[in-house]
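Structural description and commentary
Residues per chain are reported as follows:
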Amino acid sequence: MCDRVADAAGGGAVRRACAGVHAGRGGEGHPALDDVQTCVNEAFVNGVEHTASGRGGTVTVRFVAAGDLVAEVTDDGAGGQRPVLRDDPFGEDGRGMRIIDALADAWGVRADGERTTVWMRFAGPLPVRGGA
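Quick summary incoming for the structure in this document. Just so you know, these numbers come straight off a predicted model, no measurement behind them. (Residues numbered from 1 in each chain as written. Predicted model: local features only at pLDDT ≥ 70, side-chain atom pairs only at ≥ 80, totals over all residues. Heavy atoms only, no water.)

Considering the overall build of the protein
Helix and strand content of the protein: three helices and five strands. Reading the secondary structure of the protein in the N-to-C direction produces β-α-α-β-β-α-β-β. Looking at the protein residue by residue over its 132 residues, the buried ones come to 37%. In the protein, the share of contacts with a sequence separation of at least 24, taken over all contacts with a separation of at least 6, comes to 63%. Approximately 7000 Å² of the protein is accessible, and the part contributed by carbon and sulfur atoms is 48%. (Helix = DSSP H or I, 4+ residues; strand = E, 2+ residues; numbered from the N terminus. Buried < 20%, exposed > 50% of the residue type's maximum accessible area, 1.4 Å probe, protein only. Contact = heavy atoms within 4.5 Å. Areas by Shrake-Rupley, 256 points an atom, 1.4 Å probe, with all protein chains shown as cover.)

In C-alpha cells:
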C-alpha cells in the first residue's frame, strides 16, 4: 500500500507529485498515469477556483495504492456546496468534472465537515519497484 500526501502550491506541483509517486518509484509507471495526472489536476484547479482553498487555504493530494490506484483531492470547502456532474456537456463551466467522469474508472465526493474530497479510482497494475 502506498499512501503519500502532498500539499500542493500549484498545478505544476500536482503534476510532479503524480509523476513522482507513479513513475519515479524505480520501475514502470501506472498504465493510466496520463489520466491520473489530468484528473488530479482538474480536481486541484476546481478546489483552488471554487473553494476557500483558493483564498489562502490548502488543497491536499493523496495517492493510495491498495489493489487499484486511488487519488484523493481534498479542499477547504465551498460553504457546503459540493462538486457535481452537470447535465450540460456544452456548458461554459463544469468541464472538469466531465473530464474526471470520462477518464477515471470510478469517482465520487466525500464531505468531511467543511472540507470536500473528490476521489478517483484507476484500475490497473500498480507500479513495480526495481530490483524486486
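Looking at helix α3 (residues 95-103)
Helical periodicity: at 3.6 residues per turn, an α-helix aligns residues three or four positions apart in one direction. Among the residues making up α3, those that are buried are G96, M97 and I100. All buried residues of α3 lie within an arc of 95° about the axis, which places them on one face of the element. Contacts from the buried residues of α3 go to α2 (33-50), β4 (106-112) and β5 (115-122). (Arc of directions from axis to C-beta.)

A few points about the environment of V64
With respect to the secondary-structure elements, V64 resides in strand β2 (residues 60-66). Residue V64 is classed as buried on the basis of its relative accessible area, which comes to 18%. Sequence separation between V64 and R121 is 57 residues; the distance between their C-alpha atoms is 9.5 Å.

Side note on the pattern of salt bridges
Between side chains of opposite charge, pairing is possible as soon as their charged atoms come close. According to the stated counting rule, one finds three salt bridges in the structure shown. Where R121 meets D68, a salt bridge forms, and the shortest distance between an N and an O atom there is 2.9 Å. Here R121, found in strand β5, pairs with D68, found in strand β3 (residues 68-75); they are 53 residues apart in sequence, far enough to count as distant. Of the residues examined, R121 reaches a relative accessible area of 28% and is grouped as partly exposed. (Salt bridge = Lys/Arg side-chain N within 4 Å of Asp/Glu carboxyl O.)

A look at the layout of surface pockets
In this structure, the largest pocket spans a volume of roughly 520 Å³. When contributions to the lining of the largest pocket are tallied by element, the ones reaching two or more residues are α2, β3, α3 and β5. For the lining of the largest pocket, a count of residues per class yields eight nonpolar, nine polar and seven charged. (1 Å grid on protein atoms, 1.4 Å probe; cavity = no way out; pocket = protein on both sides within 12 Å on 5 of 7 lines; lining within 4 Å. Points joined across faces, edges and corners; volume = space filled by probe spheres on them. Nonpolar A, V, L, I, M, F, W, Y, C, P; charged D, E, K, R; others polar.)

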